[in-house]
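What the coordinates show
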Amino acid sequence: MGTSDSYNGPGDTTHLVPDWAQPDRSDDHCGTSDHHNSEVEKPRDRTAHTQPQALTWRAAKTSLSRYASGKSGRAGLIRAGKAYVRAKGGAKRAASSVVSGKSTARSLGGFLSATARGGITQGLNVIGLSHLIGKDVDTVFAGIVNAIADNGENFDKSVARQAIEDALLTFYKRCSEDQNFDSLEHLAPHQIKEAIEEFVSSYIYRSWLQELGKCIERKTVSEYEAIRLEIEVKTYIRDLVNLKLDERSSLSIDWSGDEGQKIIDYVFEEAYSLIEEGKE
C-alpha cells in the first residue's frame with residue numbers, strides 16, 4: 001500500500017518526478033515507533049502504557065489486519081486507530097516523536113506563503129533556489145522537495161518526504177499541464193491551509209500504514225483490500241486534520257518562528273488525540 005513493502009497500492013503513483021525520494025526499506029519487520037525514531041528517543045511516559053509495549057503493538061497490528069480484511073467495518077477502523085496511537089505511547093508522545101514531519105510542515109508553510117505574496121520567484125528565493133528561476137517544471141518541483149524535506153534515510157525523514165510529494169501534487173499537476181507557474185503566481189491563502197493539512201494527514205496515515213502494514217501477512221489481505229485500506233485510512237485521517245487558520249493568517253504567520261512551531265505542534269497533537277479518542 002503506498003510505499004509499504006507489503007503492498008503495491010496507489011501511493012507509488014504520486015511521485016512527481018522520477019528522482020524524488022524513495023522510502024527507507026531497511027526495516028522489514030514490525031516494531032515500536034522508538035525504533036524508527038532513534039534520533040529523538042525520550043524517557044517513556046509509563047502512565048501511557050497499560051500493557052507491555054510488545055502487546056500494544058500486537059493489538060494494533062491485529063486491529064488493522066481485521067479491518068483490512070473487511071471483518072470489522074468502520075468501527076474497526078476507529079479501533080485500529082486507537083490501538084495504533086496507544087502503541088506509540090499516546091497522543092502526546094506520538095506527536096512529540098514527529099521531528100522531521102514538523103520541520104518539513106513549517107518549511108512548506110514558509111515556501112507557500114512567500115509564493116502567495118510574491119510569486120514563484122519569491123518562493124524560490126526564500127528556500128535558496130534562486131538558481132532554478134526560469135527552469136522547467138520538473139526541475140523546479142524536484143528542487144523544492146529537496147530544499148523543503150529533511151535529507152536522510154530514517155523513518156521520520158522518509159515519511160515526511162513522501163508527505164511533501166502528496167501535499168505538492170495538486171500544484172505540480174497544474175503547473176505541469178500548463179508548463180508554467182501561473183497557478184502558483186495566484187496562490188490563494190486557503191490553498192496554503194489545505195496543502196499543510198494534506199501534508200499532516202499524509203504524514204500520519206503513511207506512518208501508520210508503514211509501521212503496521214508490513215506486519216499484515218500478504219496472503220491474508222488481497223491487493224484490492226490493501227488499496228481500499230490505504231484510501232480509507234487516508235480519508236479518515238484527512239477528515240480529522242483541520243488547521244484553525246483564517247485566510248489572512250496563513251499569509252502572515254512566521255512559519256519559521258515560534259508561532260509557526262506552535263501551530264504545527266498543535267495540529268499534530270490534536271490529530272493524534274482525535275485518533276486516540278476514536279469517536280464515531
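Overview of the structure. (Residues numbered from 1 in each chain as written. Predicted model: local features only at pLDDT ≥ 70, side-chain atom pairs only at ≥ 80, totals over all residues. Heavy atoms only, no water.)

Our focus in this paragraph is the overall build of the protein. Scanning the protein for helices and strands turns up twelve helices and zero strands. Along its sequence from the N terminus, the protein presents helices and strands in the succession α-α-α-α-α-α-α-α-α-α-α-α. Taken across its 280 residues, the protein has 56% of its residues classed as buried. (Helix = DSSP H or I, 4+ residues; strand = E, 2+ residues; numbered from the N terminus. Buried < 20%, exposed > 50% of the residue type's maximum accessible area, 1.4 Å probe, protein only.)

Once that is clear, we can look at the pattern of salt bridges. The full count for this structure, using the stated rule, is eight salt bridges. The shortest N-O distance in the salt bridge between Lys-102 and Asp-265 comes to 3.2 Å. Note that Lys-102 is positioned in helix H5 (residues 100–126) and Asp-265 in helix H12 (residues 258–277), a separation of 163 residues in sequence. A residue is classified by how much of its surface remains accessible, and Asp-265, at 27% relative accessible area, is partly exposed. In this structure, Glu-197 and Lys-193 form a salt bridge, with 2.7 Å as the shortest nitrogen-oxygen distance. Note that Glu-197 and Lys-193 are positioned in helix H9 (residues 189–213) at a spacing of four residues, about one turn of the helix. What emerges from the salt-bridge pattern is a single network uniting Lys-193, Glu-197, Glu-198, Lys-234 and Arg-238. (Salt bridge = Lys/Arg side-chain N within 4 Å of Asp/Glu carboxyl O.)

Another aspect to go through is the nonpolar core. Core analysis: the largest hydrophobic core is formed by 72 residues, its most contacted members being Phe-199, Trp-208, Phe-268 and Tyr-272. A per-element tally of this core places H9 first, with eleven residues. (Core = buried A, V, L, I, M, F, W, Y, C linked by side-chain atoms within 4.5 Å.)

Bringing unusual backbone geometry into the picture now. Residue Gln-179 is not a glycine yet carries a positive backbone phi of 55°. By secondary structure assignment, the location of Gln-179 is in the loop between helix H7 (155–178) and helix H8 (182–185).

For any two helices packed against each other, one specifies the inter-axial angle together with the distance between the axes. Put simply, H5 and H12 touch, their axes get as near as 10 Å, and they point 125° apart. By the angle between their axes, H5 is oblique relative to H12. Every pair of crossing elements has a handedness; the one defined by H5 and H12 is right-handed. Note on element contacts: H12 touches H5 through Gly-260, Gln-261, Ile-264, Asp-265 and Phe-268, opposite Gly-101, Lys-102, Ala-105 and Arg-106. (Axes fitted to C-alpha atoms, helices over the stretch in contact; angles between N-to-C directions. Parallel < 35°, antiparallel > 145°, perpendicular 65-115°, else oblique. Left-handed = near helix turned anticlockwise from the far one by under 90°. Contact = heavy atoms within 4.5 Å.)

Counting across every chain of the model gives five aromatic pairs. Here the aromatic rings of Phe-141 and Phe-181 are separated by 6.5 Å at their centres, their planes lie at 15°, and the arrangement is stacked. Of this pair, Phe-141 sits in helix H6 (residues 137–148) while Phe-181 sits in the loop between H7 and H8; the two residues are 40 residues apart in sequence, bridging distant segments of the chain. By the burial criterion, Phe-141 is buried, and Phe-181 matches it. (Phe/Tyr/Trp six-rings, centres within 6.5 Å; stacked < 30°, edge-to-face > 60°.)

The subject of this paragraph is the environment of Ile-264. As for its placement among the helices and strands, Ile-264 is situated in helix H12. Look at Ile-264 and you get buried, because its relative accessible area is 0%. Along the sequence, Ile-264 and Ser-103 sit 161 residues apart, while their C-alpha atoms lie 8.6 Å from each other. Each residue touching Ile-264, except ones within four places of it in the same chain, is listed here: Lys-102, Ala-105, Arg-106, Ile-196 and Trp-255.

What follows covers the side chain of Asn-154. Structurally, Asn-154 is set in the loop between H6 and H7. Using a relative accessible area of 18% as the deciding quantity, one classes Asn-154 as buried.

A few words now on the environment of Glu-270. Locating Glu-270 in the fold gives a position in helix H12. Since its relative accessible area comes to 29%, Glu-270 is described here as partly exposed. Residues Glu-270 and Ala-95 lie 175 residues apart in sequence; the distance between their C-alpha atoms is 8.6 Å.

Another point: the side chain of Arg-228. With respect to the helices and strands, Arg-228 occurs in helix H10 (residues 223–240). Taking relative accessible area as the criterion, Arg-228 reaches 18% and is therefore assigned buried. A polar side-chain atom of Arg-228 sits 3.3 Å from the main-chain carbonyl oxygen of Tyr-67. With residues near it in sequence (within four places) discarded, Arg-228 still touches Tyr-67, Ala-68, Ser-69 and Gly-70. (Polar contact = N/O pair within 3.5 Å; in protein donor to acceptor, adjacent residues only side chain to side chain.)

Bringing H10 into the picture now. When the terminal C-alpha atoms of H10 are compared, their 26 Å separation across 18 residues agrees well with the 26 Å that a helix rising 1.5 Å per residue should span. Turning to H10, its buried residues are Glu-225, Ala-226, Arg-228, Leu-229, Glu-230, Val-233, Tyr-236 and Ile-237. (Expected span 1.5 Å × (residues − 1).)

Let us look at the packing of helix H2 (residues 53–68) against helix H3 (residues 73–87). Here H2 crosses H3 at 160°, and the two axes come no closer than 8 Å. In terms of axis orientation, H2 runs roughly antiparallel to H3. Between H2 and H3 lies a crossing of left-handed hand. Taking contact as the criterion, the partners of Gln-53, Thr-56, Trp-57, Ala-59, Ala-60, Ser-63, Leu-64 and Tyr-67 in H2 are, on H3, Gly-73, Arg-74, Gly-76, Leu-77, Arg-79, Ala-80, Ala-83, Tyr-84 and Ala-87. A per-class count over the contact of H2 with H3 returns ten nonpolar, five polar and two charged. (Nonpolar A, V, L, I, M, F, W, Y, C, P; charged D, E, K, R; others polar.)

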